[in-house]
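Here is how the chains run, residue by residue.
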Amino acid sequence: MKQLTICSLLASVTMLAQTQPSETVRPINLVSGRGQLLEFTQDIKQVAAAEPKIADVVVISPREVMVNAKEPGKTTVIVWDGSGPRQYDVDVTADTTDFENFRRSLIEQLPGSKIEITGKGESIVLTGTVTDSSQIKRAGALAQTRAKTVMNLLTAPPDPEPRQIALAVKFASIDRSALKQLGVNLFSRNSVLNSQSATQQFPAPRLSPLTPGTGQSVNFADLLNFYLYRPDIGLGATIAALQEQDVLQILAEPTLLTVDGKTASFLAGGSFPFPTITSTSTGGAIAPIVTVQFKPFGVQLDFTPTVTANGAINLKVTPEVSTLDFANGVTLQGFVIPAISTRKADTEVILREGESFAIAGLIDNRVIETIDKVPGLGSIPILGELFRSRSTKKTDTELLVVITPHFVKPLSPEEKANLPDFPINFLPPAAPAKKADFIGPRGHQDPK
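Below you will find a few notes about this structure. (Residues numbered from 1 in each chain as written. Predicted model: local features only at pLDDT ≥ 70, side-chain atom pairs only at ≥ 80, totals over all residues. Heavy atoms only, no water.)

For the rest of this paragraph, the subject is the overall build of the protein. When helices and strands are tallied, the protein shows 3 helices and 26 strands. Each of the 448 residues in the protein was classed as buried or not, and the buried ones make up 29%. For the protein, long-range pairs separated by at least 24 residues make up 60% of all intrachain contacts whose partners lie at least 6 apart in sequence. When the accessible surface of the protein is split by element, carbon and sulfur atoms take 56% of a total near 29,800 Å². (Helix = DSSP H or I, 4+ residues; strand = E, 2+ residues; numbered from the N terminus. Buried < 20%, exposed > 50% of the residue type's maximum accessible area, 1.4 Å probe, protein only. Contact = heavy atoms within 4.5 Å. Areas by Shrake-Rupley, 256 points an atom, 1.4 Å probe, with all protein chains shown as cover.)

Turning to the environment of Pro85, a few remarks are in order. Turning to its location among the elements, Pro85 is positioned in strand S7 (residues 84-93). Judged by relative accessible area, Pro85 falls into the partly exposed class, the value being 28%. Sequence separation of Pro85 and Lys45 is 40 residues, and the distance between their C-alpha atoms is 9.5 Å.

Another aspect to go through is the side chain of Gln135. Structurally, the position occupied by Gln135 is in helix H3 (residues 133-143). For Gln135, a relative accessible area of 10% translates into the label buried. Among residues more than four places away in sequence, those in contact with Gln135 are Leu110, Pro111, Ser113 and Val130.

Further remarks concern the packing of aromatic side chains. Note on aromatic pairs: each is described by the distance of the centres and the angle between the planes. The full count for this structure, using the stated rule, is 1 aromatic pair. Seen from the ring of Phe407, Arg163 lies directly overhead, with NZ or CZ sitting 3.7 Å from the centre. (Phe/Tyr/Trp six-rings, centres within 6.5 Å; stacked < 30°, edge-to-face > 60°. Lys NZ or Arg CZ within 6 Å of the ring centre and 35° of its normal.)

Time to look at the pattern of salt bridges. For the coordinates displayed, the defined rule picks out 3 salt bridges. Note that Lys70 is salt-bridged to Asp56, the shortest N-O span being 3.7 Å. Of the two residues, Lys70 sits in the loop between strand S5 (64-69) and strand S6 (73-81) while Asp56 sits in strand S4 (residues 55-61), which places them 14 residues apart along the sequence. Residue Lys70 is classed as partly exposed on the basis of its relative accessible area, which comes to 46%. Look at Asp56 and you get partly exposed, because its relative accessible area is 24%. (Salt bridge = Lys/Arg side-chain N within 4 Å of Asp/Glu carboxyl O.)

Hydrogen bonds along the backbone pair up the strands of a sheet, which may run parallel or antiparallel. Read from one edge to the other, the open sheet built from 3 strands follows the order S2-S5-S4, with strand pairing classed as antiparallel. The open sheet terminates on both sides in strands that have one partner only, identified here as strand S2 (35-39) and S4. If you compare each strand with its neighbour and ignore which way they point, the axes differ by 25 degrees on average. As paired strands, S2 and S5 are joined by 5 bridges and run antiparallel to one another. In the sheet register, Gly35 faces S5, and the bridge partner there is Asn68. (Pairing = 2+ DSSP bridges. Axes fitted to C-alpha atoms, helices over the stretch in contact; angles between N-to-C directions.)

Right, let's get into a nonpolar patch on the surface. On the surface, Leu377, Ile380, Ile382 and Leu383 cluster together into a nonpolar patch covering about 400 Å² of accessible area. Mapped onto the fold, Leu383 is located in the loop between strand S25 (357-373) and strand S26 (388-408). (Patch = residues over 30% accessible without salt bridge, like charges linked within 9 Å, V, L, I, M, F, W, Y side chains within 5 Å.)

With that settled, consider the side chain of Asn314. Note on placement: Asn314 falls in strand S22 (residues 313-332). Side chain to side chain, Asn314 and Glu348 meet in a polar contact 3.4 Å long. Beyond its immediate chain neighbours, meaning those up to four positions away, Asn314 contacts Thr304, Pro305, Thr306, Thr308, Glu348, Val349 and Ile350. (Polar contact = N/O pair within 3.5 Å; in protein donor to acceptor, adjacent residues only side chain to side chain.)

This paragraph deals with the sheet that holds strand S3 (residues 44-49). One open sheet accounts for 4 strands, arranged S1-S7-S6-S3; its pairing is mixed. Two strands in the sheet have a free side with no partner beyond their single neighbour: strand S1 (25-31) and S3. For this sheet, the mean angle separating the axes of adjacent strands, direction not counted, is 25 degrees. Note that S6 and S7 share 9 bridges and pair antiparallel. Paired with Asp81 across the bridge in S7 is Gly84.

Let us now look at H3. When we look at burial in H3, the residues that qualify are Gln135, Ile136, Ala139, Gly140 and Ala143. All buried residues of H3 lie within an arc of 135 degrees about the axis, which places them on one face of the element. Residues of H3 that are buried sit in contact with helix H2 (97-109), strand S9 (123-129) and strand S10 (149-155). (Arc of directions from axis to C-beta.)

Turning our eyes to something else, we now look at the nonpolar core. The biggest cluster of nonpolar side chains holds 19 residues, and the ones touching the most others in it are Phe171 and Ile403. Residue assignment for this core shows that the elements contributing at least two residues are strand S11 (164-175), strand S21 (285-307), S22, S25 and S26. Counting residues in hydrophobic clusters, the runner-up holds 16 residues, among them Leu30, Ile54, Val77 and Val90. (Core = buried A, V, L, I, M, F, W, Y, C linked by side-chain atoms within 4.5 Å.)

Written as structure tokens, this is what we have:
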């Protein structure tokens, strides 16, 4: 059969579509990217497609034709065989398999939501409703893994008012420090010898000037623990033998208030300045610049509560206790810069209202021993103990933190907060003003 030009072919397709009876038109529904095979009982003479961009026609064999769907839309395909033309109306729809699978995965991860996903290529549009605002953010984050551009049009009912949480905290320092002191001060006060021996670690007695023919006297600033004196030979000694032990100290008892999901901070202490040296180039040379920065220290607490679905409190808490440590400090140009001794914990727990948990085990152990002796005499075996003093201090402190969360709500306008009352008023209350008697004519009076 003689080949027709493209224009005449399209014109003939249109005319045939208008003149062909409706019963000979066959519908074909395809999804973009897929196809359908048409089989005929007679040899095919000619095929034509109204819009090849939507659906293309490929002749496979003399009696088989393949219709391939490319883009969403509608078109017409006509096939001529021995019995005449056959018309097929092709309806191509977009392939939403990936969107449906993604929508089902979203619904599984976001229960109670109704999400519709549309889009094309690298763009996704999310529409529908979710249970709360947090699911909107989560759905948008999940959609970012599937497309570069995400238009999040999801809606959610207004979130309920967040609950307020008060955190009662107790910082306690269990101090098991032990202090041991041992020292001897010797003195002689007679007409033959006036002398004294001390290591200067403990206060020594003060001897009065020796005047012949007068009485001898000794002035004591501190008798320490033991005092011995032989008046016949004028020989005496003061002895220090002490032992101390501490028990417990409450560092702070703060009560912090915050709302669900927000962070609250507490600091009882201060900030200390320390210099920082930087360099800058001036005229080709490098000149040092000293700047001062401030570092906080003391009792510090940061906590973030989150109310779970079952009413419990998911609490992320970071307690910290820090002190200035001059023993490990550094000296820079005559200035002593202390170090910071820190005990810190970072944990996350789940509690019910009114339940408490404790953080312990933050132990600081130190032993400081100080020995003073008289040169030469203090090194003599056995007798050298009389010319030697010793002070041993063992620091064994443990930090204990007890935390208890509570749900709170503000007072209503009718309620009043209980404030502390003074037992005695600073000033007596003023007497109520006496009501003045009405004097003069009653009624309206024009000014003159």
